[in-house]
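# Commentary on secondary and tertiary structure
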Amino acid sequence: MKYEDYRPFWNFFDLQAYIIMACMMGGGIGFRAAGLFPDIFVAFFYSGLGCALALSGVLFFKNYICYTSLLEKETT
């Protein structure tokens, strides 16, 4: 709510965060392609990661709903 003008979605993170994300994604893809971890580890890891990402999505949606209700209260 503090932004006074329109900001594109890629301004959500700074450059350092994008570099860290690229390194982590590249490392994960590289480890998976190299076969360094057994399939059972990968299965548990992806299950946990999927649950965490699903919960994050639910929380972002909840925050979006709260944000829109705050905007409505602010304008009235």
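See the structure above.
Residues numbered from 1 in each chain as written. Predicted model: local features only at pLDDT ≥ 70, side-chain atom pairs only at ≥ 80, totals over all residues. Heavy atoms only, no water.

What follows deals with the overall build of the protein. Broken down by element type, the protein carries two helices and zero strands. The C-alpha radius of gyration of the protein comes to 18 Å, more than 25% above the 11 Å expected for a compact globule of 76 residues. Within the protein, the fraction of its 76 residues that count as buried is 1%. Of the roughly 7,100 Å² of accessible surface on the protein, 72% is carried by carbon and sulfur atoms. Here the protein carries 5 positive and 6 negative side-chain charges, and the mean point of each set is 6 Å from the other. (Helix = DSSP H or I, 4+ residues; strand = E, 2+ residues; numbered from the N terminus. Rg over C-alpha atoms; globule rule 2.2 N^0.38 Å. Buried < 20%, exposed > 50% of the residue type's maximum accessible area, 1.4 Å probe, protein only. Areas by Shrake-Rupley, 256 points an atom, 1.4 Å probe, with all protein chains shown as cover. Lys, Arg positive; Asp, Glu negative; His and termini not counted. Charge placed at Lys NZ, Arg CZ, Asp CG, Glu CD.)

A few words on the packing of aromatic side chains. In total, this model carries five aromatic pairs according to the counting rule given. Note on phenylalanine 13 and tyrosine 18: the rings are 5.7 Å apart at their centroids and 90° apart in plane angle, and the pair reads as edge-to-face. The class for tyrosine 18 is partly exposed, based on a relative accessible area of 33%. Relative to tyrosine 46, the ring of phenylalanine 45 has its centre 6.0 Å away and its plane inclined at 50°; by these criteria the two rings are tilted. Judged by relative accessible area, tyrosine 46 falls into the partly exposed class, the value being 43%. Clustering of aromatic rings is evident, with ring pairs tying together Phe31, Phe37, Phe41, Phe45 and Tyr46. (Phe/Tyr/Trp six-rings, centres within 6.5 Å; stacked < 30°, edge-to-face > 60°.)

What follows is about the pattern of salt bridges. Any two side chains of opposite charge can pair, given that their charged atoms come close. In total, this model carries one salt bridge according to the counting rule given. Of the charged contacts, one joins arginine 32 and aspartate 39 as a salt bridge, the two residues approaching to 3.9 Å between their closest N and O atoms. Its relative accessible area of 60% is what places aspartate 39 among the exposed residues. (Salt bridge = Lys/Arg side-chain N within 4 Å of Asp/Glu carboxyl O.)

Every α-helix carries 3.6 residues per turn, so stepping three or four residues along brings you back to the same face. An ideal rise of 1.5 Å per residue puts 28 Å on 20 residues; helix H1 (residues 15–34) measures up with 28 Å between its terminal C-alpha atoms. Just past H1, the residue glycine 35 takes up positive phi, approximately 70°. (Expected span 1.5 Å × (residues − 1).)

Further remarks concern the environment of glycine 57. Along the chain, glycine 57 falls in helix H2 (residues 39–75). Between the alpha carbons of glycine 57 and phenylalanine 45 there is a distance of 18 Å; along the sequence they are 12 residues apart.

For phenylalanine 37, the location among the structural elements is in the loop between H1 and H2. Contacts of phenylalanine 37, omitting those with residues within four sequence positions, involve Phe31 and Val42. (Contact = heavy atoms within 4.5 Å.)

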